[in-house]
Amino acid sequence: DSGVTQTPKHLITATGQRVTLRCSPRSGDLSVYWYQQSLDQGLQFLIQYYNGEERAKGNILERFSAQQFPDLHSELNLSSLELGDSALYFCASSPLGGDPGELFFGEGSRLTVL
Amino acid sequence: GDSVTQMEGPVTLSEEAFLTINCTYTATGYPSLFWYVQYPGEGLQLLLKATKADDKGSNKGFEATYRKETTSFHLEKGSVQVSDSAVYFCALSDHFGNEKLTFGTGTRLTIIP
């Protein structure tokens with residue numbers, strides 16, 4: 001158990017809909033990262049937050065948005081969903097002063113868009 | 001931009017066989033290099049890392065050496081076990097003010113008894 005909690009574990013929805021994925025980082029970790037894992041694209045970095053502020057942005061679509069709240073949990077919002085958005089979405093966290101690149105991953109939220 | 005190229009899978013080996021999974025990278029500057037492992041139904045977890053050239057990372061019998069001259073970080077294990085069956089990801093971190101990781105595509109390893 002990494003200490004990172006993601007909900008829901010599975011989600012099935014239809015094209016055009018909007019969903020919210022939630023992540024609770026390890027206790028005390030200030031950084032939260034979101035990754036998308038799909039069969040054709042592999043693991044793609046989406047976005048990073050540090051203590052409530054956006055810190056780095058990767059290949060995140062404009063239809064997607066994220067935020068980190070004062071209690072440090074984070075939410076990834078996916079809207080106008082398309083079939084190609086079906087993927088496993090991982091959240092990871094890292095501690096302040098921790099080893100660079102050592103991320104602790106949750107078990108992921110599997111999104112299926114029908 | 002940064003990129004990581006991994007050996008295509010899947011890889012199937014018999015128990016006690018020698019394992020090599022190749023990984024090469026492209027990066028500006030001097031990245032740190034990592035191997036992460038994903039067991040079935042779980043998230044990724046750090047297996048080993050190396051932060052500078054010629055460093056060797058090791059854990060659970062796995063090893064990888066940071067080779068700057070060949071921009072490689074190949075994963076090796078002398079004698080694999082069934083419990084090593086998983087997906088292995090090579091990754092790099094660029095150190096430019098954040099700790100985001102760039103991952104390879106992953107290599108699925110299956111060990112048969």
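Scroll up for the structure.
Conventions we followed
Residues numbered from 1 in each chain as written. Chains lettered and ligands numbered in written order. Predicted model: local features only at pLDDT ≥ 70, side-chain atom pairs only at ≥ 80, totals over all residues. Heavy atoms only, no water. Helix = DSSP H or I, 4+ residues; strand = E, 2+ residues; numbered from the N terminus. Buried < 20%, exposed > 50% of the residue type's maximum accessible area, 1.4 Å probe, protein only. Lys, Arg positive; Asp, Glu negative; His and termini not counted. Charge placed at Lys NZ, Arg CZ, Asp CG, Glu CD. Pairing = 2+ DSSP bridges. Axes fitted to C-alpha atoms, helices over the stretch in contact; angles between N-to-C directions. Contact = heavy atoms within 4.5 Å. Polar contact = N/O pair within 3.5 Å; in protein donor to acceptor, adjacent residues only side chain to side chain.

*Asks:* Any chance you could explain the overall build of chain A here in plain terms?
*Replies:* Helix and strand content of chain A: 0 helices and 11 strands. Ordered by position from the N terminus, the helices and strands of chain A form the series β-β-β-β-β-β-β-β-β-β-β. Taken along the three principal axes of its C-alpha coordinates, chain A extends 40 × 25 × 25 Å. Looking at chain A as a whole, 49% of its 114 residues are labelled buried. Positive and negative side-chain charges of chain A, numbering 8 and 13 respectively, have mean locations separated by a distance of 3 Å.

*Asks:* Just to check I follow, could you spell out the sheet that holds strand β7 (residues 64-68) of chain A for this structure?
*Replies:* Residues and elements named next belong to chain A. Sheet architecture is open: 4 strands sit in the order β1-β3-β8-β7, paired in antiparallel fashion. The two strands at the open ends of the sheet, each matched to only one other strand, are β1 (5-7) and β7. When strand polarity is set aside, the average angle formed by the axes of neighbouring strands in this sheet is 15°. In this structure, β7 lies alongside strand β8 (residues 74-78), joined through 5 bridges in antiparallel fashion. Counterpart to Ala-66 in the pairing with β8 is Leu-76.

*Asks:* For this particular structure, what's the right way to read the environment of Tyr-35 of chain A?
*Replies:* Relative to the assigned elements, Tyr-35 of chain A resides in strand β4 (residues 31-38). Its relative accessible area of 0% is what places Tyr-35 of chain A among the buried residues. Each C-alpha atom, one on Tyr-35 of chain A and one on Phe-105 of chain A, is 9.7 Å from the other, the two residues being 70 residues apart in sequence. When residues no more than four places from it in sequence are discounted, the contact partners of Tyr-35 of chain A are Leu-43, Gln-44, Phe-45, Leu-46, Leu-88, Tyr-89, Phe-90, Leu-103 and Phe-105 of chain A together with Lys-100, Leu-101 and Phe-103 of chain B. Separated by 2.9 Å, the side chain of Tyr-35 of chain A and the backbone nitrogen of Leu-101 of chain B make a polar contact.

Read these as spatial facts, not as claims about activity.
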